[in-house]
Amino acid sequence: MIIIEGCDSSGKSTLVRFIKENYQVQTVHSPGPWDSLDSLMKWCKEASNLDARFRGRLVCDRHPFFSESVYGPALRGSSMLDAESYYSIKYDLAHHFPAVIICCPPEEVMMETYGQKAQLPKIEQLSEISKAYQAYADTLDFWPGFFTDYNYTSERSKAAILPFIELYFARIAKVWR
């Protein structure tokens, strides 16, 4: 499973589309924001089942394990993930050897793109969410799978993302033999 995370207008969907067009993968979009913990947990279970079915070749445009931890506090004041559900999802994800890519272009670029779209959250919250994703990314040094950040405005970042994806698929091919 590859999980693509980041703020609205950070390039997630473009990266998902690129991976889908260049690799034989299935894609799924997390439909958050979540109205209940039950629906969030059900989606996580379904995504895990799909990943097993497609033998690690599933790309998630967001995953609640990450996005709820960032958007929940920004939109509702707290995440709906309690300790039990948080660790349950983390344990399940660890068994799928996921690669996580956090899209993080410069905030001013996201603001410009975001202003062209009518969506939630409010543009005033985008800065807070962007900073929350950056802080969250700092905690992923201890993530059990692959992790990187991606800035579509940086040629260096664009050049580095392809070897990252290739390495993930090489590793997953060994896992799913």
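Caption draft 1: Looking closely at the confidence of the model for the chain. Mean pLDDT for the chain: 86, with 91% of residues reaching 70 or above. The element-level mean pLDDT for the chain is lowest in helix H6 (residues 123-139), coming to 73, with strand E3 (residues 58-61) highest at 96.

Caption draft 2: Quick peek at the side chain of Ser85. Residue placement: Ser85 occurs in helix H4 (residues 83-94). Under the relative-accessibility criterion, Ser85 is labelled buried at 4%.

Caption draft 3: Broad picture of the packing of helix H2 (residues 37-53) against H4. For the pair H2 and H4, interaxial distance at closest approach is 11 Å and the crossing angle is 10 degrees. As the angle between them shows, H2 and H4 are arranged roughly parallel. Taken together, the residues of H4 that come into contact with H2 (itself represented by Leu37, Leu40, Met41, Cys44 and Ser48) are Ser85, Ser88, Ile89 and Asp92. A breakdown of the residues in the contact of H2 with H4 according to their chemical character gives five nonpolar, three polar and one charged.

Caption draft 4: Region of interest: helix H3 (residues 64-76). Between its first and last C-alpha, H3 extends only 15 Å over 13 residues, short of the 18 Å set by a 1.5 Å rise per residue. Maximum bend of H3: about 25 degrees, positioned at Val70, with proline Pro73 one to four residues after it. Within H3, 10 of the 13 residues are buried, which leaves the element mostly enclosed by the surrounding structure. Burial in H3 covers these residues: Pro64, Phe65, Phe66, Ser67, Glu68, Ser69, Val70, Tyr71, Gly72 and Ala74.

Caption draft 5: Spatial organisation of the packing of aromatic side chains. Applying the stated criterion across every chain, the model contains seven aromatic pairs. Plain terms: the ring middles of Phe65 and Phe66 are 5.0 Å apart, the flat faces sit at 90 degrees to each other, and that makes the pair edge-to-face. Judged on exposure class, the residue Phe65 and its partner Phe66 are both buried. Between Tyr168 and Phe169, the aromatic rings sit 5.2 Å apart at their centres with planes inclined by 65 degrees, giving edge-to-face as the arrangement. According to the relative accessible area criterion, Phe169 is buried, its value standing at 8%.

Caption draft 6: Structural context of the environment of Ser9. Counting through the fold element by element, Ser9 comes out in the loop between strand E1 (2-6) and helix H1 (12-22). For the pair formed by Ser9 and Leu40, sequence separation is 31 residues and the distance between their alpha carbons is 23 Å.

Caption draft 7: How the structure looks around the sheet that holds strand E4 (residues 99-103). Taken together, the five strands give an open sheet; going across it, the order is E2-E3-E1-E4-E5, and neighbouring strands pair in parallel fashion. Only two strands of the sheet have a single neighbouring strand rather than two, namely strand E2 (26-29) and strand E5 (146-150). Between one strand and the next, the sheet's axes are offset by a mean angle of 20 degrees, whatever the strand orientation. Packing against the sheet, H1 makes contact with E1, E2, E3, E4 and E5, and its axis sits at approximately 160 degrees to E1. In the packing of H2 onto the sheet, contacts are made with E2 and E3, and the angle to E3 comes to roughly 150 degrees.

How each quantity is defined
Throughout this description, residue numbers start from 1 for each chain and increase along the sequence as written. It should be noted that, the model being predicted, local features are given only for residues of pLDDT at least 70 and side-chain atom pairs only at 80 or more, the latter also being counted only at that level, while totals for whole chains, interfaces and linings use all residues. Heavy atoms from the whole structure form the basis of all side-chain values; hydrogens and water molecules are not counted. Known as pLDDT, the predictor's per-residue confidence is scaled from 0 to 100. Counting from the N terminus, the helices are DSSP H or I runs at least four residues long and the strands are E runs at least two residues long. Exposed residues in this analysis have more than 50% of their type's maximum accessible area, buried residues have under 20%, and partly exposed residues fall in between, with area computed by a 1.4 Å probe over protein chains only. Orientation is described by lines fitted to C-alpha atoms, with helices fitted over the stretch in contact, and by angles between N-to-C directions that extend from 0 to 180 degrees. The scheme is simple: roughly parallel for angles under 35 degrees, roughly antiparallel for over 145, roughly perpendicular for 65 to 115, oblique for anything else. The contact criterion used is simple: two residues touch if any of their non-hydrogen atoms lie within 4.5 Å. Residues are sorted three ways: Asp, Glu, Lys and Arg are charged, Ala, Val, Leu, Ile, Met, Phe, Trp, Tyr, Cys and Pro are nonpolar, and all the rest, Gly among them, are polar. Under the convention used throughout, the expected extent of a helix is 1.5 Å for every residue step, that is, one less than its residue count. Fitting axes to the seven residues that end at a residue and to the seven that start at it, the angle between those axes gives the bend at that residue. Ring pairs shown here join Phe, Tyr and Trp side chains whose ring centres sit within 6.5 Å, with only the six-membered ring taken for Trp; geometry is labelled stacked below 30 degrees between planes, edge-to-face above 60, and tilted in between. Here, a strand pair is defined by DSSP locating no fewer than two bridges between the strands.

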